[in-house]
Amino acid sequence: MSTLSMSGALNMALADALEADERVLVFGEDVGPLGGVFRITDGLAARFGDRRVFDTPLAESGIVGTAIGMAMNGMRPVVEMQFDAFAYPAFEQITSHLAKMRNRTRGKVEVPVVIRIPYGGGIGGVEHHCDSSEAYYTHTSGLRVVTPGTPQDGYDLLRDAIDSPDPVIFLEPKRRYWSKGEVVADQRRTGFDRALIRRPGEDVTLIAYGPMVATALETAEAAKEEGWDVEVVDLRSLSPFDDETVCGSVRRTGRAVVVHEAAGFGGYGAEVVARVTERCFHHLHAPVLRVTGFDIPYPPPKLEEHFLPGVDRILDTIGRLQWDDEVRGA
Amino acid sequence: MARTSLPARERSLLPTDAPLSLLTKTGEPVVDPELVMPDDDVLLELHRRMVVGRRFDTQATALTRQGRLAVYPSSRGQEACEVGSVLALREQDWLFPTYRDSVALVTRGVPAVETLTLLQGGWHNGYDPHEHRVAPQCTPLATNTLHAVGLAHAAKLKGEDTVALVLVGDGATSEGDTHEALNFAAVWQAPVVFLVQNNGYAISVPMSKQNVAPSLAHKGVGYGVPSVLVDGNDPAALYAVVRDAVRVAAEGGGPTLIEAITYRVEAHTNADDATRYRDADEVAAWLDRDPVDRIEAYLTARGLLDDARRATVAAEAEAYAASVREVMNADVEVDPAELFEHVYAEPTRQLREQAALLAEELA
């Protein structure tokens, strides 16, 4: 066990995967000698050589499209999109080809490609560097979409993603790259597509993922003062969705709030609310609420604090869960 | 196989002003210092496969009228490209076709019923790509160029002797992926051959509204990709330039861009009305440059093709068409449960629930 930042854990996962399987290739923009703009691939080109870890021309559709062709020829490409919004040029390759190749060919052609995308805000990034683009990918059948909330999950989920026979959109919460935690290599305890209860509680379930896991845990601590015992569920895998863990928690607590940075309208949280309501209706004491970004383009750095869900806004939302109507123990 | 071109020509970035050719439109041989006429057995095979391929194409169009195919994009008039390019490939090479390249697929050996599964509507793709080394027919334009470059680059990394040939049309050269693919292929020196079948129209839009460069082949120059302009209705020349590009790629010489000037004799598909955007005189002029007539005339004049062989090839084409009718007239049964089977390696819990729901509806 060692203490690592999430970026260090991701780097270790890539190194271990490259070491474990010679079919694994790492490529993208600036991932070679520079080690990526966030240094996630630091040292990998030197260690594994420029035939396995290499810079490509600056073209995202080209990176994903060629990764598909390489996967058709037996490779396991792990490609980096430099930022969330810079992945959009690859959208057609991802949705029309990567996601559909197995289905189109009735299972004859597998394309085990991992697309790593740093996403979300909170780092003072300028325009086009802070999008939460998860809903575009979760809406596409054939893709797995995962996002770690802790350094350990950074390691575990990335190793799982690289081992997966399915294409994976791997969303890295860039504001948590520097958060530290204990990391154990090669000991993946939680299933690839399972959610985790990060903190048990009895009164309300906070459902979060990626960058909002830490915010949800912070909120749970602050909620103690209000007398609320908050359970925090970290989704980890956005698609497929772990109904069992999420609904198990909500049935126990009877209240739920979904938190994400992305805009709320048509967002991923709407799917979570619908699934929880459909499955847990008779256990609910209040409507399932959401705390999300506003329905606006991501704001400029000086205003992003007003956009991002924070402890106060989440506490206010928990407060609106019709506590007064409840007859405890009835 | 004899070398089909001279070394001096091999790595020139610029295409020639006039398309390379080995046969005039009436089938007289052209002495071109750039190209060597393929061997007689190759020419006879080109002829045989083009006749069979054209009959397949005609049969497929007829099947749309009978409701057996949802749609069929014909490649009538483009047989030199469809057949010449595929015969120039080696067994270990890969083909990345588009929706218009069904004749290329059957020439490569994909069974007709598997080739037409997409257009019949039974599934999105009917064959095992790995078995034939033929990627699924690509319906989005130009996206297959990048897949070909990726597959070819992986082959290079693995030390495999494999070349990827990707087919696109003139319209696809306006798509960004074509340009990214040319650049990636050049930077990586990937063993890939780009064949642009310039058939004059992207559905209804003519070349004049698609491109103002001297030729589509010129687009390779900016990427450092050697480019060739060839008469796309000349099967001998088409075969020679593709064979040469495959050889260069296999020897580590990197990619080649080939533009073949040809013509789509039929409408875009059976659902299109070509009279709205082109006149009959233009079509007639191109029928006069027919690729099958051209090679027949040459082989006949050479004494290689007599009435007996012509009849044998025609009979083979008819027998093939009859077999296509037979397999395509059989009703297709696809199990609706299969809808959920191939989305992921293992169906997710959600998909298993939805499969059960559909099964209940069908019970």
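Residues numbered from 1 in each chain as written. Chains lettered and ligands numbered in written order. Predicted model: local features only at pLDDT ≥ 70, side-chain atom pairs only at ≥ 80, totals over all residues.

K.L.:
Now, about the overall build of chain B: what can you tell me, with residues and values included?
P.N.:
A tally of helices and strands in chain B yields 14 helices and 7 strands. With respect to the principal axes defined by its C-alpha atoms, chain B has extents near 70 × 50 × 40 Å. Buried residues in chain B amount to 52% of all 363 residues. Long-range pairs, those at least 24 residues apart, make up 76% of the contacts in chain B between residues at least 6 apart in sequence. (Helix = DSSP H or I, 4+ residues; strand = E, 2+ residues; numbered from the N terminus. Buried ≥ 20, exposed ≤ 12 C-beta atoms within 10 Å, placed from the backbone. Contact = placed C-beta atoms within 7 Å.)

K.L.:
Before we move on, could you go through the interface of chain A and chain B and cite the residues and values that matter?
P.N.:
When the parts of a complex come together, some accessible area is lost, and that lost area is often used as the size of the interface. Listed per partner, the contact involves 35 residues of chain A and 34 residues of chain B. Mapped onto the side of chain A that touches chain B, the elements with two or more residues apiece are helix H3 (60-72), helix H4 (91-98) and helix H5 (101-104) of chain A. Top element by residues in the side of chain A that touches chain B is H3 of chain A. It accounts for 9 residues. Classifying every residue of the side of chain A that touches chain B gives 11 nonpolar, 16 polar and 8 charged. (Nonpolar A, V, L, I, M, F, W, Y, C, P; charged D, E, K, R; others polar.)

K.L.:
Break down the environment of Pro-111 of chain B for me, with residues and values.
P.N.:
Residue and element names in this part refer to chain B. In this fold, Pro-111 is placed in the loop between helix H4 (102-108) and helix H5 (112-115). Using a count of 16 C-beta atoms within 10 Å as the deciding quantity, one classes Pro-111 as partly exposed. For the pair formed by Pro-111 and Pro-226, sequence separation is 115 residues and the distance between their alpha carbons is 34 Å.

K.L.:
Tell me what's going on with the domain arrangement of chain B, and back it up with residues and numbers.
P.N.:
The domains assigned to chain B are domain 1 (7-332) and domain 2 (335-363). Using only C-alpha atoms to locate each centre, domain 1 of chain B and domain 2 of chain B end up separated by 38 Å. (Domains from an automatic or database assignment.)

K.L.:
Can you lay out the domain arrangement of chain A for me, pointing to particular residues and giving the numbers?
P.N.:
All names here are of chain A. Structurally, chain A comprises domain 1 (2-183) and domain 2 (196-323). Relative to domain 2, the C-alpha centre of domain 1 lies at a distance of 26 Å. Contacts between domain 1 and domain 2 engage 26 residues on the former and 21 residues on the latter. Listing elements by their share of the side of domain 1 that touches domain 2, those giving two or more residues are helix H6 (134-138), strand E6 (144-146), helix H7 (151-163) and strand E7 (168-173). Residues belonging to the side of domain 1 that touches domain 2 are distributed by class as follows: 9 nonpolar, 11 polar and 6 charged.

K.L.:
Pulling in residues and values, what's your account of the nonpolar core?
P.N.:
All names here are of chain B. Among the nonpolar cores identified, the biggest contains 194 residues, and Val-192, Val-193 and Ile-258 are the most heavily contacted of them. In terms of residue count, helix H10 (residues 235-250) provides more of this core than any other element does, 11 residues in total. If sequence neighbours within four positions are ignored, Ile-258 has contacts with Val-193, Phe-194, Leu-195, Val-196, Val-228, Val-230, Val-241, Val-242 and Ala-245. (Core = buried A, V, L, I, M, F, W, Y, C linked by C-beta atoms within 7 Å.)

K.L.:
Please provide a residue-by-residue account of the UniProt feature "domain: Dehydrogenase E1 component" (unreviewed entry) in chain B, values included.
P.N.:
Here the UniProt feature "domain: Dehydrogenase E1 component" (unreviewed entry) sits at residues 48-320 of chain B. Counted over residues 48-320 of chain B, helix gives 45% and strand 11%. Its end C-alpha atoms are 12 Å apart. (UniProt positions renumbered as here; feature names shortened; annotations may be inferred.)

K.L.:
Pulling in residues and values, what's your account of the pairing of E7 of chain A?
P.N.:
Side chains on a regular strand alternate between the two faces of the sheet. Residue and element names in this part refer to chain A. With respect to burial, E7 is a largely interior element, 6 of its 6 residues being buried. Both faces of E7 are covered, namely the face carrying Val-168, Phe-170 and Glu-172 and the face carrying Ile-169, Leu-171 and Pro-173. For E6 and E7, the ladder comprises 3 bridges, and the chain directions are parallel. Note on E7: the bridge partner recorded for Val-145 is Ile-169. With H7 bridging E6 and its parallel neighbour E7, the resulting β-α-β unit is right-handed. (Pairing = 2+ DSSP bridges. Right-handed = clockwise from strand over helix to strand, strands pointing away.)

K.L.:
Before we move on, could you go through the sheet that holds strand E3 (residues 192-198) of chain B and cite the residues and values that matter?
P.N.:
Residues and elements named next belong to chain B. Spatially, the 5 strands line up as an open sheet ordered E1-E2-E3-E7-E6, and their pairing is parallel. The open sheet has two edge strands, strand E1 (94-96) and strand E6 (227-231), and neither has a second partner. Between one strand axis and the next, the sheet turns through 20 degrees on average, direction left out of account. Bridge count for E1 against strand E2 (residues 164-169) is 3 bridges, and the pairing is parallel. Paired with Phe-96 across the bridge in E2 is Val-166. Relative to the sheet, helix H3 (residues 79-87) contacts E1, E2, E3 and strand E7 (256-261), its axis offset from that of E3 by approximately 170 degrees. (Axes fitted to C-alpha atoms, helices over the stretch in contact; angles between N-to-C directions.)

K.L.:
Tell me about the sheet that holds strand E14 (residues 289-293) of chain A, and name the residues and values.
P.N.:
Residue and element names in this part refer to chain A. With respect to topology, 5 strands assemble into an open sheet ordered E9-E11-E10-E13-E14, the strand pairing being mixed. Strands at the two margins of the open sheet, each flanked by one partner only, are strand E9 (196-199) and E14. Along the sheet, successive strands turn relative to each other by an average axial angle of 25 degrees, direction set aside. As judged from the 4 bridges shared by strand E13 (residues 256-263) and E14, these two strands associate in the parallel manner.

K.L.:
Give me the UniProt feature "domain: Transketolase-like pyrimidine-binding" (unreviewed entry) in chain A: which residues, what numbers.
P.N.:
UniProt's feature table lists "domain: Transketolase-like pyrimidine-binding" (unreviewed entry) at residues 4-179 of chain A, given in the numbering used throughout. Between the end C-alpha atoms of residues 4-179 of chain A the distance is 8 Å, and the span holds 36% helix and 17% strand.

K.L.:
Explain the pairing of strand E10 (residues 204-208) of chain A residue by residue, including any values.
P.N.:
Residues and elements named next belong to chain A. Across the 5 residues of E10, 5 count as buried, placing the element largely inside the fold. Across the two faces of E10 the burial is the same, with Val-204, Leu-206 and Ala-208 and Thr-205 and Ile-207 all buried. Summarising the sheet, E10 and strand E11 (residues 230-234) pair through 5 bridges and their orientation is parallel. The partner of Val-204 across the bridge, within E11, is Val-230.

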